[in-house]
Amino acid sequence: MSKRISFDTTLQVRDTCLCLHAQRAARALARRFDEALRPVGLTNGQFSLLMSLNRPQPPAIAPVAQLLAMDRTTLTAALKPLQRDDLVEIEPDPADRRSRLLKLTDEGHAVLARAMPIWRRTHAEIEAQLGGLDVDVLREGLGTLGT
């Protein structure tokens, strides 16, 4: 006793679904930044993760996971190759030995410094591609969904 939805409904979802459009855009942006950052040996996700650690004081795992909208387990897995490549150190928090602090190494800072001109150029190209779209309004709108 299954009821089938019409193909017109499929077209409506294809043309109007915010989730679908956001997923497609996210994948396209991820591919674009992955390709751009390849010369410095980073993916877009690794770049974002390293940038989230570029702070005056090393952060704990929880606030980084929250910023990146990741669960702690996924963040811990994402840190492993960065730690292996000596870009990140994970140290006990002196104030709370149960907590871990995430610290960029000198090599992590160096990789970010090499990546920044690439990120800036790629980001400017993408913004230019968006034509007259107000990217600040876009960022604000997307930001409201992440809270």
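Here, every reference points to the structure presented above.
### Examining the overall build of the protein chain
Right, on to step 1. Looking only at helices and strands, the protein chain features 7 helices and 2 strands.
Right, on to step 2. Starting at the N terminus and walking to the C terminus, you meet the elements of the protein chain as α-α-α-α-α-β-β-α-α.
Right, on to step 3. Taken against the 2.2 N^0.38 rule, which gives 15 Å for 147 residues, the C-alpha radius of gyration of the protein chain at 19 Å runs more than 25% over that of a compact globule.
Right, on to step 4. Taken over the C-alpha atoms alone, the protein chain extends approximately 60 × 45 × 25 Å along its principal axes.
Right, on to step 5. In the protein chain, 44% of the contacts between residues at least 6 apart in sequence involve partners at least 24 apart.
Right, on to step 6. Just so you have it, the protein chain exposes about 10,500 Å², and 56% of that area is on carbon and sulfur atoms.
Right, on to step 7. In the protein chain, 20 positive and 18 negative side-chain charges are present, and the distance between their average locations comes to 6 Å.

### Here's the deal with the nonpolar core
Buried together is how nonpolar side chains tend to be arranged in soluble globular proteins.
Right, on to step 1. In this structure, Leu37, Leu42, Leu50 and Val88 are the most contacted members of the largest nonpolar core, which totals 25 residues.
Right, on to step 2. Secondary structure elements with two or more residues in this core: helix 2 (18–37), helix 3 (44–53), helix 4 (61–67), helix 5 (72–84), strand 2 (96–104) and helix 6 (106–129).
Right, on to step 3. The biggest single contributor to this core is helix 6, with 6 residues.
Right, on to step 4. Leu50 has contacts with Leu42, Leu82, Leu87, Val88, Leu104 and Leu112, leaving out every residue within four places of it along the chain.

### Here's the deal with the packing of helix 2 against helix 6
Right, on to step 1. Where helix 2 contacts helix 6, the axes come no closer than 10 Å and their chain directions differ by 145°. Helix 6 is crossed by helix 2, and the crossing has right-handed handedness. When helix 2 is examined against helix 6, the residues Leu29, Arg32, Phe33, Ala36 and Leu37 are found in contact with a partner set consisting of Ala115, Ile118, Trp119, Thr122, His123, Glu125, Ile126 and Gln129.

### Thoughts on the pairing of strand 2
Right, on to step 1. As paired elements, strand 1 (residues 88–93) and strand 2 share 6 bridges and run antiparallel to each other. Paired with Glu91 across the strands is Leu101, a residue of strand 2.
Right, on to step 2. Hairpin connection, strand 1 to strand 2: the antiparallel pair is bridged by 2 residues.

### Overview of the packing of aromatic side chains
Any two aromatic rings considered together are summarised by their centre-to-centre distance and by the angle between their planes.
Right, on to step 1. Overall, the coordinates contain 1 aromatic pair when judged by the stated rule.
Right, on to step 2. Summarising the aromatic geometry, the rings of Phe47 and Trp119 are spaced 6.3 Å apart at their centres and angled 20° between planes, so their arrangement reads as stacked. You can see Phe47 sitting in helix 3 and its partner Trp119 sitting in helix 6, a full 72 residues away along the chain.
Right, on to step 3. Under the relative-accessibility criterion, Trp119 is labelled partly exposed at 27%.

Procedures and definitions
- Each residue is numbered by its place in its chain's sequence as written, counting from 1.
- Only residues with pLDDT of at least 70 are given local features in this predicted model, and only at 80 or more are side-chain atom pairs given and counted; all residues enter the totals for whole chains, interfaces and linings.
- Side-chain measures were taken over the full set of non-hydrogen atoms in the model, leaving aside hydrogen atoms and water.
- Helix numbers and strand numbers start at the N terminus; a helix is a DSSP run of H or I with at least 4 residues, a strand a run of E with at least 2.
- As defined in this context, the radius of gyration uses C-alpha atoms, and a globule is described by 2.2 Å times the residue total to the power 0.38.
- Working rule for contacts: check all heavy atoms of both residues, and any pair within 4.5 Å makes them a contact.
- What sets the accessible areas is the Shrake-Rupley method with a 1.4 Å probe; for residues, cover comes only from the shown protein chains.
- Charged residues are defined here as Lys and Arg on the positive side and Asp and Glu on the negative side; His and the ends of the chain fall outside this count.
- Charge positions are represented by NZ for Lys, CZ for Arg, CG for Asp and CD for Glu.
- As used in this record, nonpolar core signifies buried Ala, Val, Leu, Ile, Met, Phe, Trp, Tyr and Cys residues forming a set joined through side-chain atoms within 4.5 Å.
- Each residue's exposure class comes from its accessible area (1.4 Å probe, protein chains only) as a fraction of the maximum for that residue type: buried when under 20%, exposed when over 50%, partly exposed otherwise.
- Structural elements are reduced to axes, namely lines fitted to C-alpha atoms, with helices fitted over the stretch in contact, and the angle between N-to-C directions of any two is expressed from 0 to 180 degrees.
- Rotating anticlockwise by less than a right angle from the far helix to the near helix defines a left-handed crossing, while the corresponding clockwise rotation defines a right-handed one.
- Note on pairing: two strands pair once DSSP finds at least 2 bridges between them.
- Any two rings among Phe, Tyr and Trp, with Trp reduced to its six-membered ring, count as a pair given centres within 6.5 Å; such a pair is stacked if its planes are under 30 degrees apart, edge-to-face if over 60, and tilted if neither.

None of this, on its own, says anything about what the molecule does.
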